Amino acid sequence: LPKLNFNFKNLDFLKVLKLMGPAVYGSAVYQLNVLAMTFFASYLPTGTVSYLWYGDRIMEFPLGIFAIAVATVALPTLSEHASKKEIPQMKEALRQSLSLVWFLNLPASLGLILLGKPIVALLFERGDFLAADTNHTAQTLTFFALGLPFLATARVMVNAFYAIQEAKKPVHAANISVVVNVLLAALLMHPLQHRGLALAVSLGAFTNMFFLFYFYRKKVGLMGLGALKGEFFKITLASCIMAGFLFVLRFFWAPVSARLFSKLLVVLSLVGSGVFVYFLALFFLKSNSLQFLWKGLKKRLA
């Protein structure tokens, strides 16, 4: 049987320990920003902390399923290419991960913005959680969802840094993000209330993503992101088509009653319709990401 070896002088152990601290901090920057928002929310009217908490819970659902999953799967591939000094292959794997994360999270962001109210009503509107609370939470969710693509992209970029065993730069980007988040929260909390705090978190996420790209480019050189312009355009166009469809459809598709089953039926119908329109638009636009996903699905089923 294997035995535990508590050799704290082992060089590999010390190396992992040295990388782990900055890695945890760099990955947790979003949670730090949300924690800061909770502090600011305590100075706003009663209920603001709850609106932020519920909105964040919903927003983290696609973040956990799509963004963190893609980043986690990408890390071994990026690390393998980095260890073999295969820089072009590493950059290609990173571009593919960024394309996939945009492909999944941009429509998810727009879907949360457009369908936030029925989703919140389905999940929380009962007991002491009234229709007014649903409206406030949905507003908060809208501004949180604006930052979803940036948060998702940042998670992939953070793992790209860890693949090359660089843990300090994500910390620098995280620190800048926290400062920007706090300053914007202080400026926006009174004119926009809970909406301003959620917007500050999203703008902080964009700041974090921007500086991660900036530092990574300085570290490894040009990333060849120009090759993704066409695919990003197709994904954005398909997402906008889906958003337009849902914007019209939601006015004609309302719960027939306040019962849970009625709300569930409406949300599932709207989400299902949006997903169908999105994939249909990508099919006609000949999206590479859709083809990549379909090939992976067929391989998995086989």
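The rules behind each value
- Residues numbered from 1 in each chain as written.
- Predicted model: local features only at pLDDT ≥ 70, side-chain atom pairs only at ≥ 80, totals over all residues.
- Heavy atoms only, no water.
- Helix = DSSP H or I, 4+ residues; strand = E, 2+ residues; numbered from the N terminus.
- Core = buried A, V, L, I, M, F, W, Y, C linked by side-chain atoms within 4.5 Å.
- Buried < 20%, exposed > 50% of the residue type's maximum accessible area, 1.4 Å probe, protein only.
- Contact = heavy atoms within 4.5 Å.
- Salt bridge = Lys/Arg side-chain N within 4 Å of Asp/Glu carboxyl O.
- Phe/Tyr/Trp six-rings, centres within 6.5 Å; stacked < 30°, edge-to-face > 60°.
- Lys NZ or Arg CZ within 6 Å of the ring centre and 35° of its normal.

Caption draft 1: A look at unusual backbone geometry. Although it is not a glycine, Lys85 sits at a positive phi angle of roughly 60 degrees. By secondary structure assignment, the location of Lys85 is in the loop between helix 3 (48-83) and helix 4 (87-124). For Gln165, which is not a glycine, the phi torsion comes out positive at approximately 60 degrees. With respect to the helices, strands and loops of the structure, Gln165 is situated in the loop between helix 6 (148-163) and helix 7 (168-192).

Caption draft 2: Structural view of the nonpolar core. Membership of the largest hydrophobic core comes to 81 residues, with the highest contact counts inside it found for Met37, Leu94, Leu197 and Tyr216. Top element by residues in this core is helix 4. It accounts for 17 residues. In contact with Met37, other than residues within four places in its own chain, are Leu52, Asn181, Ala185, Leu197, Ala200 and Val201.

Caption draft 3: Quick look at the pattern of salt bridges. Enumeration over the complete set of coordinates arrives at 5 salt bridges. As a salt-bridge pair, Glu60 and Arg57 come within 3.4 Å of each other at their nearest N and O atoms. Of this pair, Glu60 and Arg57 both sit in helix 3, 3 residues apart, which is roughly one turn of the helix. Taking the relative accessible area as the measure of exposure, Arg57 reaches 37% and is therefore partly exposed. Between Glu92 and Arg95 there is a salt bridge, with the nearest N and O atoms lying 2.7 Å from each other. Linking Glu92 with Arg95, this pair stays in helix 4, spanning 3 residues, or about one helical turn. Assessed through its relative accessible area of 42%, Glu92 is described here as partly exposed. We classify Arg95 as buried; its relative accessible area is 15%.

Caption draft 4: View of the packing of aromatic side chains. A full pass over the atoms with the stated rule returns 18 aromatic pairs. Residues Tyr54 and Phe129 carry aromatic rings whose centres are separated by 5.3 Å and whose planes lie at 85 degrees to one another, so their mutual orientation is edge-to-face. One end of the pair, Tyr54, is in helix 3; the other, Phe129, is in the loop between helix 4 and helix 5 (131-145), and 75 residues separate them in sequence. Look at Phe161 and Tyr216: their rings are 5.1 Å apart centre to centre, the planes differ by 80 degrees, and that puts the pair in the edge-to-face class. Of this pair, Phe161 sits in helix 6 while Tyr216 sits in helix 8 (residues 194-220), and the two are 55 residues apart along the sequence. Put simply, the rings of Trp53, Tyr54, Phe124 and Phe129 pair up and form one aromatic cluster. Of note, Arg57 hangs over the ring of Trp53, and the distance from its end group to the ring centre comes to 5.2 Å. Sitting over the face of the ring of Phe215, Lys169 holds its NZ or CZ atom 5.2 Å from the ring centroid.

By themselves, these observations are geometric and do not establish any function.
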